[in-house]
Amino acid sequence: MSPLLTVEDLRVSFPTRTGLVEAVRGVTFSLGRERLGIVGESGSGKSQTGRAIMGLTPPHARITAKTLTFDGIDLLKASPRQRRELRGNRVAMILQDPKYSLNPVMTIGRQIVETLRTHRKIGASEAKERAIAMLEAVQIRDAARVFDLHPHEISGGMGQRAMIAMMLIAEPELLIADEPTSALDVTVQLDVLAILDKLVAERGMGLIFVSHDLRLVSSFCDRVIVMYAGRIVEEIAAQDLRNARHPYTQGLLSCMPEIGSDRHPLPVLDRKPEWAL
Amino acid sequence: MTAVPSAPMSRRDWLLSDRPQSRMQARLGRAYMTWRRFSANRLALLGLGILVLLIFMAIFAGVLSPHSPVTGNLAGARLLPPGSPGYLLGTDEQGRDILSRLLHGSRLTLFVIILVAVIAAPTGLVVGAVAGYAGGWVDAVLMRITDIFLAFPKLVLALALVAALGPGIENAVLAIAVTSWPPYARIARAETMTVRNADYIAAVRLMGASPLRIVLLHVMPMCLSSLIVRITLDMAGVILTAAGLGFLGLGAQPPLPEWGAMIASGRRFILDQWWVATMPGIAILLVSLAFNLLGDGLRDALDPREAGQ
Amino acid sequence: MSIAVSARDVTVIYEDFKALDSVSIAVGKGQSYGLVGESGSGKSTLLRAIAGLAPVFSGTLEVNGRTLEPRRRDKAFYRDVQMVFQDPYGSLHPRQTIDRLLQEPLAIHGISDAEARIAWALDEVGLGTGFRFRYSHQLSGGQRQRVAIARALIVEPSILLLDEPTSALDASVQAEVLNLLEQIRRDRGLTFLMVSHDLGVVTHMCDQLAVMRSGRVVEHLSASDLVEGRITADYTRNLMVASKGFVRTPA
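These figures come from a predicted structure and were not determined experimentally.

Quick notes on the rules
- Residues numbered from 1 in each chain as written.
- Chains lettered and ligands numbered in written order.
- Predicted model: local features only at pLDDT ≥ 70, side-chain atom pairs only at ≥ 80, totals over all residues.
- Heavy atoms only, no water.
- Buried < 20%, exposed > 50% of the residue type's maximum accessible area, 1.4 Å probe, protein only.
- Helix = DSSP H or I, 4+ residues; strand = E, 2+ residues; numbered from the N terminus.
- Pairing = 2+ DSSP bridges.
- Right-handed = clockwise from strand over helix to strand, strands pointing away.
- Axes fitted to C-alpha atoms, helices over the stretch in contact; angles between N-to-C directions.
- Contact = heavy atoms within 4.5 Å.
- Salt bridge = Lys/Arg side-chain N within 4 Å of Asp/Glu carboxyl O.
- Patch = residues over 30% accessible without salt bridge, like charges linked within 9 Å, V, L, I, M, F, W, Y side chains within 5 Å.
- Areas by Shrake-Rupley, 256 points an atom, 1.4 Å probe, with all protein chains shown as cover.

### Description of the pairing of strand β8 (residues 191-196) of chain C
Residues and elements named next belong to chain C.
And step 1. Counting buried positions along β8 gives six out of six residues, so the element sits mostly inside the fold.
And step 2. Of the two faces of β8, the one holding T191, L193 and V195 and the one holding F192, M194 and S196 are both buried throughout.
And step 3. Two strands pair when backbone bridges link them, and strand β3 (residues 32-36) and β8 are joined in this way by five bridges, in the parallel orientation. The partner of L35 across the bridge, within β8, is V195.
And step 4. Pairing of strand β7 (residues 159-163) with β8 involves five bridges; the strand directions are parallel. Note on β8: the bridge partner recorded for D163 is V195.
And step 5. Traced from β7 through helix α6 (residues 171-188) to β8, the parallel crossover comes out right-handed.

### Overview of the sheet that holds strand β9 (residues 206-211) of chain A
Remark on secondary structure: sheet strands pair via backbone hydrogen bonds, oriented parallel or antiparallel.
All names here are of chain A.
And step 1. Taken in spatial order, the six strands of this open sheet run β7-β8-β9-β3-β10-β11, and their pairing is mixed. In this open sheet, the two edge strands, each paired with only one partner strand, are β7 (91-94) and β11 (231-237). Going across the sheet, the axis of each strand differs from the next one's by a mean of 15°, ignoring polarity.
And step 2. Alignment of strand β8 (residues 174-178) against β9, held across five bridges, turns out to be parallel. Among the inter-strand pairings, A177 is bridged to a residue of β9, identified as F209.
And step 3. Here helix α7 (residues 156-168) sits on the sheet and contacts β7 and β8; the angle it forms with β7, its principal contact strand, is near 170°.

### Some words on the side chain of A:T249
All names here are of chain A.
And step 1. You can see T249 is positioned in helix α10 (residues 247-254).
And step 2. T249 gets classed as buried once you look at its relative accessible area, which sits at 0%.
And step 3. Each residue touching T249, except ones within four places of it in the same chain, is listed here: L214, V226, E234, L241 and A244.

### Let's talk about the pattern of salt bridges
Side-chain pairing between opposite charges can occur once the charged atoms of the two side chains come close.
And step 1. Scanning the model with the defined rule gives 44 salt bridges over all chains in all.
And step 2. A salt bridge links C:E104 to B:R213; the nearest nitrogen and oxygen atoms lie 2.5 Å apart. With C:E104 in helix α3 (residues 98-108) and B:R213 in helix α10 (residues 211-247), this pair bridges two chains.
And step 3. Of the charged contacts, one joins C:R185 and C:D207 as a salt bridge, the two residues approaching to 3.9 Å between their closest N and O atoms. Taken together, the residues C:R185 in helix α6 and C:D207 in the loop between α7 (199-205) and β9 (208-213) connect sequence positions 22 residues apart.
And step 4. Owing to a relative accessible area of 36%, C:D207 belongs among the partly exposed residues under this scheme.
And step 5. It is possible to trace a salt-bridge network through shared partners that takes in A:D9, A:R11, A:E22 and A:K66.

### With respect to a nonpolar patch on the surface
All names here are of chain B.
And step 1. There is a patch of nonpolar side chains on the surface, built from L53, I55, F56, I59, F60, V63 and L64 and spanning about 670 Å² of accessible area.
And step 2. Looking at the nonpolar patch element by element, the count peaks at four residues for helix α3 (residues 42-59).
And step 3. Looking at where V63 falls in the secondary structure, it is placed in helix α4 (residues 61-64).
And step 4. By relative accessible area, which is 68% here, V63 ends up exposed.

In structure tokens form, the structure reads like this:
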């Protein structure tokens, strides 16, 4: 089976006053219908990688790649129109904070229906039915009531679920989730992940899960890419993470305080300049 | 890595250093960054240039003027058109050189601008910052007072004040200042409300700082840049109001060469001797425009939300 | 052991919302005490109430044996108690250099030898004087948090209130800051009252903790109780499970 997404030598750079800043420096990976985690600290280029695939990089940024194809479509050569059609329809993205990604003056329901009707030719009443069904699928109780609420009237966890519902309504084949649960409480976080997990499994989507939390990602994804300073330093199957070879991955894993392990002081990461080469 | 600097630093590198060695260098570096943002805007530079020219004209008015601004040559030089020998911009109905009057008038214009800025801005800043930080009834009282001033059209209120105080340039300035602080108070209050609950203000409170100290040293600096921008943009309006009062005979009194009063007296000849009213009009236009351009440039340069850089 | 901070039946009400509902804790001198909970649990509110930043409706707060008034705190209080905030990007004044930031507490309390103290405080948090005249936007998150810690330490308090001091930082930077905090506590015999949503961080840093939920304390327990699973409340157990990461339930 050919991969859903192929990324080869992706580079994203931003011109600034002091010169060109390279956020992503030659990232290569491919994705099938699986859960892939991209992990790194702030400034590692993990989010920019996701955004570049989605086509959400700010216009002044420069993106180059040897290959950047989604299901055979060259994303770099695609017209803005083509990309718009892909976005939301076949590729979708969930952002960290639902507060900023939901339109505050539109009801939840209308936003979902609108997303659906931009991509599918269906009637208003059917769209509403499907939106409510989708809200139920992300385990929002009383979906019909939530349908008519505005984003400020619901909690953060519910907002993130509504966001997921909106992104999944058009049944995309690829979902990019950028820190989808970081703004949520731990217990809610797991609920949201369980929903995401179920939907990915049921619909056979490809998922890119971008996060700073190595432990969470490794418990959720099949495969993990670890990024540092715009490059991939290690690619490893999630269950093998304990045997990670790269000192950065090892350092990331061991520097987190854990319940029951009594390490004082905590081991700190000794950043080697050669990692960034 | 060695700590020895490899090459002597250029002045630019010294200013842009991200490890300043002294308070002075940090401050200069910051000013330099602001200047670089400002000077990237050509029009703003033009505005600044015009204003520098205005100040230059005001300082050297005595030297630059070919004639007296108050006493004219009634017999030989009434209403001469621009370009007449010795009278570059022509003369008015009393035979006074318009160029000389404009040059001396720039002093009055600057006088008005500076006094209004000095009176209105601090008043607005203090009222707004105190109201915003204190909240509660202090806020309510101060803001209702502000609202009362805002409820009247500016020019009408200024007119009433000048009528009560008596005509004259000082009273005109006072009237303009009294009517122009309320918007500044509103801006300062709005800015204060956004920073008063910030953690860095809470941190200063947790050091035991008095409310006065917090407002003066920590809140007000955050209001300054938007206030400066607003004042600059308002200056055009102030000049026009001053000119308007002058035009109505309530501002500068003859024979003072105030630009608005000059237009008023030239109005009678506007059809036959257009230059008498037009020249001061152009001067007002240029200075107002310069302030607007400058304000725009400052808005970009001083934006407190620059954060990163 | 004498008590450094105690709260008895403290209730905080914001408008109609009960943020804290008769909460009691007691922190011994030199102890490191943790408050764990999710958002809205009231853990930060308790910290802010002690610091005088939240309106106390009823109950008693005591610091070093002195009863605090509901709202007012005197200068002496702030020489004893200092706080480090969660967001290193919001807790440093954007228009002041580090030097100016650190001078402020010294000026307020009329402490002399500012020069030496600033140099020494920066040194203690591992920043060195190269950072002294920078603005906060020229620093990374971890460096900013070190500055915030230096600012709190410069008046030599005996109690440090820590409001999620590392939750906005990357994991590797978090480890560095946690180590720094531990070191400082050891060197100066400080009392810590630390708020966090991360059980791992709290058990690492604290010997005693209170689990909070919707304005109440669900459970008081020691770190070793938690590690060995001597838990009575279901909610604490849920938190424990959640902190271990995602578990796929077989369909």
